[in-house]
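# Structural overview
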Amino acid sequence: MILVMTTSFAFNPKAARLLDAAFDEEVVLRRAQGRQVRSIAGFAGVGGSRRSVTEEVALVFSVSRNQAFLLVETSCALVSRLPNTLAALENGDIDLFKASKVSQLTREVSDEVAAQVDAWMATRLAGRDPAAIRRSVDHAVQKFDPDGYRDRAVKKRALRHVALEHEDETMSKLSGWLPAEVASSIYASLSQAAKKRRRTDQSRTLDQHRADIFAERLLAEDGHGTPRAHVHVYVDLLTLIGAREDPATLAGYGPVPGWLVREIAADPDSTWSRLITDPFTGQLLEASPGTYRSPASLARLIKARDRECTHPGCHRPAEFSEIDHITTWARHGNTDHHNCHAACTIHNHLKEEPGWTTTPTSNGGMTITTPTGHTYTTTPEPLHDPRPQPDDDTPPF
């Protein structure tokens, strides 16, 4: 006999009212930020040199010069060439921090490209977290300015470096400014080694093992070979062969240009897996086994489809997440691609908390309901833009 214990959850209308009231105030703050942005941009236009303006803003706001510079730069960009993003701020759809993601990533592009990106982002701002907005803006910049993006990427890759920052209480931070595919590969290799080591040494956390292995590898003078790790890159076939230049996706990082993906694919150590998508939606239909590993077909399909934790705002790569039921097995959830998803450990356990429920949707996503009754629906991003087929009577040329 199997006994399944369940706990009842009483909806708390007071909690819902308090959360709604807090969000109402957030909208008020966002709209106030919109008015503030216009005032700062206006002041920048009449307040003298940019250096003078920045210093005055830093003083009156009691912030660092760097913070003031970013505030002035963002305000001027929103008012002068990002009208849709500014409108979203003034409507309360986004806050200033999210708006700054658009301005920062369009800082070095022409006014024409900035206008294209701003228009493309108009329907991609509300209800999204800053990391998701940043990725979309990065995608749009690559889409509308591929040559400029490549030139800027070459310059930034030439600026790679290692930095040391001393922190408090005997600790320091050692960081590397590296090409995205290199940094992702290093982190994946460290994570794999840390998980393996922790199976036999539970005295240290996974983070501690990862940090210790990082130090050991850097200090080793007689290492035996280079540790190998696999980094997942999702790319449209037409981009892979150079017929298109749509951005691809580097797991855990976001959009990367086609030229970089082709360089990665050309490496003799790279391995390929075939993904079959629906041309009308861009969603994944089938994933073939990889050449270096053969996980269960269901897990392989879900990881390729979701690509990261499906919880809103969480971008942990699916390779480092768990595959679990949306509707739990104890509640008669099926074990199939409709009812399974990738979720990091924290968010996988969240659905067991009182008041949190998850329901699968028909398009491979899920709907989360919180204890206050708010719902959030997530859907895997398509692997490529929809490609409607031409009518049968359309000439082939």
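Calculation notes
- Residues numbered from 1 in each chain as written.
- Predicted model: local features only at pLDDT ≥ 70, side-chain atom pairs only at ≥ 80, totals over all residues.
- Heavy atoms only, no water.
- Helix = DSSP H or I, 4+ residues; strand = E, 2+ residues; numbered from the N terminus.
- Buried < 20%, exposed > 50% of the residue type's maximum accessible area, 1.4 Å probe, protein only.
- Phe/Tyr/Trp six-rings, centres within 6.5 Å; stacked < 30°, edge-to-face > 60°.
- Lys NZ or Arg CZ within 6 Å of the ring centre and 35° of its normal.
- Pairing = 2+ DSSP bridges.
- Contact = heavy atoms within 4.5 Å.
- Axes fitted to C-alpha atoms, helices over the stretch in contact; angles between N-to-C directions.
- Salt bridge = Lys/Arg side-chain N within 4 Å of Asp/Glu carboxyl O.
- Arc of directions from axis to C-beta.

Time to look at unusual backbone geometry. Of note, the phi angle at Glu169 is positive, near 55°, even though the residue is not glycine. Positive phi is not limited to glycine here, since Arg307 has a value of about 70°. Mapped onto the elements of the fold, Arg307 is located in the loop between α13 (297-306) and β8 (322-325). By relative accessible area, which is 9% here, Arg307 ends up buried.

Taken as a whole, this structure holds zero aromatic pairs when the rule is applied. Over the face of the ring belonging to Trp120 we find Arg124, whose NZ or CZ atom lies 3.7 Å from the ring centre.

Here the focus is the sheet that holds strand β3 (residues 233-234). Strand pairing in a sheet takes place through backbone hydrogen bonds and is either antiparallel or parallel in direction. Across the sheet, three strands lie side by side as β3-β4-β5; this open sheet has antiparallel pairing. A strand with exactly one partner marks an edge of an open sheet, and here the two such strands are β3 and β5 (254-256). Of the strand pairs in this sheet, strand β4 (residues 248-250) and β5 are connected by three bridges, and their pairing is antiparallel. Each residue of the ladder has a partner; that of Thr249, found in β5, is Pro255. Across the face of the sheet, helix α12 (residues 258-266) comes into contact with β3, β4 and β5 while running at roughly 85° to β5.

This model, assessed by the stated rule, comprises 14 salt bridges. Arg81 is the partner of Asp111 in a salt bridge, and the nearest nitrogen-oxygen pair spans 2.8 Å. On the criterion of sequence distance, the pair formed by Asp111 in helix α6 (residues 111-121) and Arg81 in helix α3 (residues 65-81) is long-range, its members being 30 residues apart. We classify Asp111 as exposed; its relative accessible area is 55%. A residue is classified by how much of its surface remains accessible, and Arg81, at 16% relative accessible area, is buried. Between Arg157 and Glu181 there is a salt bridge whose closest N-O contact spans 2.7 Å. A residue pair is termed long-range when its members are at least 10 positions apart, and Arg157 in helix α8 (residues 146-157) and Glu181 in helix α9 (residues 180-198) qualify at 24 residues. A residue is classified by how much of its surface remains accessible, and Arg157, at 22% relative accessible area, is partly exposed. A single network of salt bridges, built from pairs that share partners, joins Asp201, Arg204 and Asp212.

Where α6 is concerned, the buried positions are Val113, Ala114, Val117, Asp118 and Met121. In an axial view of α6, the angular spread of the buried residues amounts to 135°, which keeps them on one side of the axis. Those residues of α6 that are buried are in contact with α3, α4 (83-90) and α7 (130-144).

Here the focus is the sheet that holds strand β12 (residues 375-378). Taken in spatial order, the three strands line up as β10-β11-β12 in an open sheet, and their pairing is antiparallel. Of all strands in the sheet, those bounded by a partner on one side alone are β10 (357-360) and β12. With strand direction ignored, the average angle separating the axes of adjacent strands in the sheet is 20°. As defined by bridge partners, strand β11 (residues 366-369) adjoins β12 across four bridges and the pair is classed as antiparallel. Paired with Thr367 across the two strands is Thr377, which belongs to β12.

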